[in-house]
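These are the residues of each chain, in order.
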Amino acid sequence: MAEAVDLARRNIRERKGGPFGAVIVRNGRIVARGTNLVSSTNDPTAHAEITAIREACRTLRTFHLSDCEIYTSCEPCPMCLGAIYWARLKAVYFANTRTDAAAIGFDDDAMYREVSRPVSTRTIPMVHLNNSEALEVFKEWESMEDKVRY
């Protein structure tokens, strides 16, 4: 955790992004580090956890990190939490909470509330467009015998 917090501190001092850092650990060894690079890369998905997951997957040459843990300087936002589940990390350790983040202007808790709302009541309009061609693509994927499952 000390490394994740130190990454967050260095990140803000170097003006690369927000006060967030993360490390991914496998068998007690750090295999990847990540910091928030949103403002320096103009990429709203470049959160510390995401950049660490991307590095770990490149380094380990896999998209499953089921034998790894992530240490992050703050409770993951919904996007990062989703990425953590997709990567199948086995544990998440965090320092600051989403309440702490909200107190300094990062209101992840608002997104947590939004995600739990029915689609029809979310603040950004979400419209389901029935498209049989899209469903056909799903059926084709389902029938493929040589697909890479994730």
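Small disclaimer: the values here were computed from a predicted structure and weren't measured. (Residues numbered from 1 in each chain as written. Predicted model: local features only at pLDDT ≥ 70, side-chain atom pairs only at ≥ 80, totals over all residues. Heavy atoms only, no water.)

### Some details on the overall build of the protein chain
Turning to step 1, where the next piece is worked out: Counting its secondary structure elements, the protein chain contains 7 helices and 4 strands.
Turning to step 2, where the next piece is worked out: Projected onto the principal axes, the alpha-carbon positions of the protein chain cover approximately 50 × 40 × 25 Å.
Turning to step 3, where the next piece is worked out: Taking all 150 residues of the protein chain together, 33% fall into the buried category.
Turning to step 4, where the next piece is worked out: The contacts in the protein chain between residues at least 6 apart in sequence include a share of 47% that link residues at least 24 apart.
Turning to step 5, where the next piece is worked out: Distance from the positive charge centre (20 side chains) to the negative charge centre (20 side chains) of the protein chain: 5 Å. (Helix = DSSP H or I, 4+ residues; strand = E, 2+ residues; numbered from the N terminus. Buried < 20%, exposed > 50% of the residue type's maximum accessible area, 1.4 Å probe, protein only. Contact = heavy atoms within 4.5 Å. Lys, Arg positive; Asp, Glu negative; His and termini not counted. Charge placed at Lys NZ, Arg CZ, Asp CG, Glu CD.)

### Considering helix 6 (residues 108–116)
Turning to step 1, where the next piece is worked out: Of all the residues in helix 6, the buried ones are Asp108, Tyr112 and Glu114. Burial along helix 6 is one-sided: seen end-on, the buried residues are contained in an arc of 165 degrees.
Turning to step 2, where the next piece is worked out: Among the structural elements, helix 4 (78–87) and helix 5 (98–103) are those in contact with the buried residues of helix 6. (Arc of directions from axis to C-beta.)

### Considerations on the packing of aromatic side chains
Turning to step 1, where the next piece is worked out: For the structure on display, the rule yields 4 aromatic pairs.
Turning to step 2, where the next piece is worked out: Centroid distance tyrosine 71 to tyrosine 93: 4.6 Å. Interplanar angle 20 degrees. Geometry classified as stacked. Linking tyrosine 71 in strand 3 (residues 68–74) with tyrosine 93 in strand 4 (residues 91–96), this pair joins segments that are 22 residues apart in sequence.
Turning to step 3, where the next piece is worked out: The class for tyrosine 93 is partly exposed, based on a relative accessible area of 35%.
Turning to step 4, where the next piece is worked out: Aromatic pair tryptophan 86 and tyrosine 150: ring centres 6.1 Å apart, planes at 55 degrees, arrangement tilted. (Phe/Tyr/Trp six-rings, centres within 6.5 Å; stacked < 30°, edge-to-face > 60°.)

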